[in-house]
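The chain contents come next:
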Amino acid sequence: MPKQKSAPSNSWQMGWRASLRRGQFIYYLLIGLIAASSLLNYYLLFGTVETRQTMIDDSLPLTMSAPTQQQSVVNDTGSLVHDGSPYTTDALRRNPYLGWQPPQQPIATNFSWVDCLSHNEEYTGKAPDKDGSSQPFGCLERPSQLGNISFSIDMFNETSWIPDVTMLRTMLMHGKDRDGHPYPAQLPKELCRDIIIPSDRNSNITIDEDKRCFREAKIKPTGSLNASTVTIHPWNHFGESHILDENKTSITVPAPKVLCMIYTVKNSHSTGIRAIRDTWGGGCDGFLAFSSSPDPRLPAIALQHDGPESYDNMWQKVRSIWKYVGAHYLNDFDWFFIGGDDMFVLPNNLRTYLASLAYKDGKADPRKKEYYVGRRFHNLSGTLYFNTGGAGYALSHATLRKYLTVADDAEHCSSHETTSAEDVMMAKCLYHLGITVTDSRDLHSRERFHMFMPGRLYNWNIKQKNWYFNFNPWGLKNQADCCAPDSVSFHYAKQPAIVRHLQALLYHCT
């Protein structure tokens, strides 16, 4: 009998102990899950950039490593930050190519940059079927030197991808790429020496005429590439000679935001576009190449347009560029500057001039006032003036917005025309809207935007009557007056080595 009475007590004790064991199991299971979750979060935050990129998309390139963990902190939003670096987890998720540079590769000790110019039979910049693949390794022009393309081109079409045009600017403001290498890439001292182009028309040239022009015309940057303000001289415009000397003061104002747009083709990605990316591209507030094939690393996008991808159909390509930019970036910038991949630009000089122009006009707002700025030519077939596409031209925000309202007007804006003269077509359309070219010369009638390279302008025979003479009825200048000291752009920078040479002369050589 006593055993029968104690049975319920033992049963209760056994149940309680079983419950306790189950509770302990659940407790330790929860602890394990929490620990595993913590390890997973740590892995996601402190794992390599390659790992994070693979999780975003398996097709992304795995060529760069992350900064060391000792440099890493996590901000209040849970994003990984490296000593104030812009390359956060969130930023890389939005744009996995932010901070990318072509692979760093050693150059042979016996290499000379002059070797890049002696191979112009292979790449002159004039033939789109040449891609620099036969250039010496040290020239940094071979397609293979951009690194392997491990992404699907189909992912980056105009309907599914909107490029981050601020990528180069972000990198320049930080001063380093994602691996901690300097950006823009450092230029060797050899580029400060005299470089003479073997193919120059004047075989008697024995000195570096570009360097000579920079020196004697006193051409220099108006500020650093990363400047957020510009110092302007509102009186330094042609026709402003009535301003008294005591009123010729300098004024520092916020720099306007400029989007730089380059039209190009795929074979120029490793040559002209890389040279621009390595030098002046980051000096623009936004940068985007419009090519025959996309490459998010540059960045470059390919747009659909009427007709073939050819020089003779440039107008249709440029029309598609303006329409795309208007649809995606209109509200982000004050000015929009367009030109080809053989153009060399001083971005801060561009921003300085545009700010000075608007200030001169009663502190005009480019988002409200129409401007059409560049190197003006006179069309001999009539009274039309246009800005040559070779030197690049800029539209104010207000002008682009107005152009978009008539972009498809066949009668006044030649929307169905097949021609290489995109610059003339744009001028014709803008003239219909009441928008005419701006005289961009300085107070002493020196040009700021240039159709040719510095050395050629310096030595130009201004008395020779040819097409260039006829397109400039207001007269030409040469020697030290060929170019304004705050010049903005030069055309026919066809060889990447020369682009790097000009950049070195202006920003690095003393």
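In this report, the structure presented in the accompanying data block is examined. Being a predicted model, the structure only gives us computed values, none of them experimental. (Residues numbered from 1 in each chain as written. Predicted model: local features only at pLDDT ≥ 70, side-chain atom pairs only at ≥ 80, totals over all residues. Heavy atoms only, no water.)

### Some remarks on the sheet that holds strand β10 (residues 372-374)
Adjacent strands of a sheet form backbone hydrogen bonds with each other and so pair up, either parallel or antiparallel. One open sheet accounts for six strands, arranged β7-β6-β5-β8-β13-β10; its pairing is mixed. In this open sheet, the two strands that pair with only one neighbour each are β7 (300-302) and β10. Taking each pair of neighbouring strands and ignoring which way they run, the sheet shows an average axis angle of 25°. The pairing of strand β5 (residues 258-263) with strand β6 (residues 286-291) spans five bridges and is parallel. (Pairing = 2+ DSSP bridges. Helix = DSSP H or I, 4+ residues; strand = E, 2+ residues; numbered from the N terminus. Axes fitted to C-alpha atoms, helices over the stretch in contact; angles between N-to-C directions.)

### Re the state of the cysteines
This model, assessed by the stated rule, comprises four disulfides. Residue pairing for Cys116: its cysteine sulfur links by disulfide to Cys139, the two sulfurs lying 2.1 Å apart. In this structure, the disulfide formed by Cys116 and Cys139 twists by about -110° around the S-S bond and is classed as left-handed. Here the residue Cys116 occupies a position in helix α4 (residues 114-117), and Cys139 occupies one in the loop between α4 and α5 (167-174), the gap between them amounting to 23 residues. The class of Cys116 is buried, set by a relative accessible area of 1%. For Cys139, a relative accessible area of 0% translates into the label buried. A sulfur-sulfur distance of 1.9 Å marks the disulfide that ties Cys192 to Cys509. Because the sign of the S-S torsion sets the handedness, a value of about -90° for the bond joining Cys192 and Cys509 places this disulfide among the left-handed ones. Here the residue Cys192 occupies a position in the loop between α5 and α6 (209-216), and Cys509 occupies one in the segment after α15 (496-507), the gap between them amounting to 317 residues. Cys192 gets classed as partly exposed once you look at its relative accessible area, which sits at 24%. (Disulfide = S-S within 2.5 Å. Buried < 20%, exposed > 50% of the residue type's maximum accessible area, 1.4 Å probe, protein only.)

### Structural notes on the pairing of strand β8 (residues 335-340)
The element β8 is extensively covered by neighbouring structure, given that six of its six residues are classed as buried. Pairing analysis gives six bridges linking β5 to β8, with the strands arranged parallel. The residue of β8 that forms the bridge with Ile262 is Gly339. Relative to strand β13 (residues 393-396), β8 is paired through four bridges, and the arrangement is antiparallel. By the bridge assignment, Trp335 is partnered in β13 with Ser396.

### Some thoughts on the packing of helix α8 (residues 314-328) against helix α12 (residues 422-432)
Running from amino to carboxyl end, α8 crosses α12 at an angle of 55°, the nearest separation of the two axes being 8 Å. If you check the angle between α8 and α12, you find them oblique. For the pair formed by α8 and α12, the contact residues are Met314, Trp315, Val318 and Trp322 on the first element and Glu422, Met425 and Met426 on the second. Looking at the contact of α8 with α12, its residues break down into six nonpolar, no polar and one charged. (Parallel < 35°, antiparallel > 145°, perpendicular 65-115°, else oblique. Contact = heavy atoms within 4.5 Å. Nonpolar A, V, L, I, M, F, W, Y, C, P; charged D, E, K, R; others polar.)

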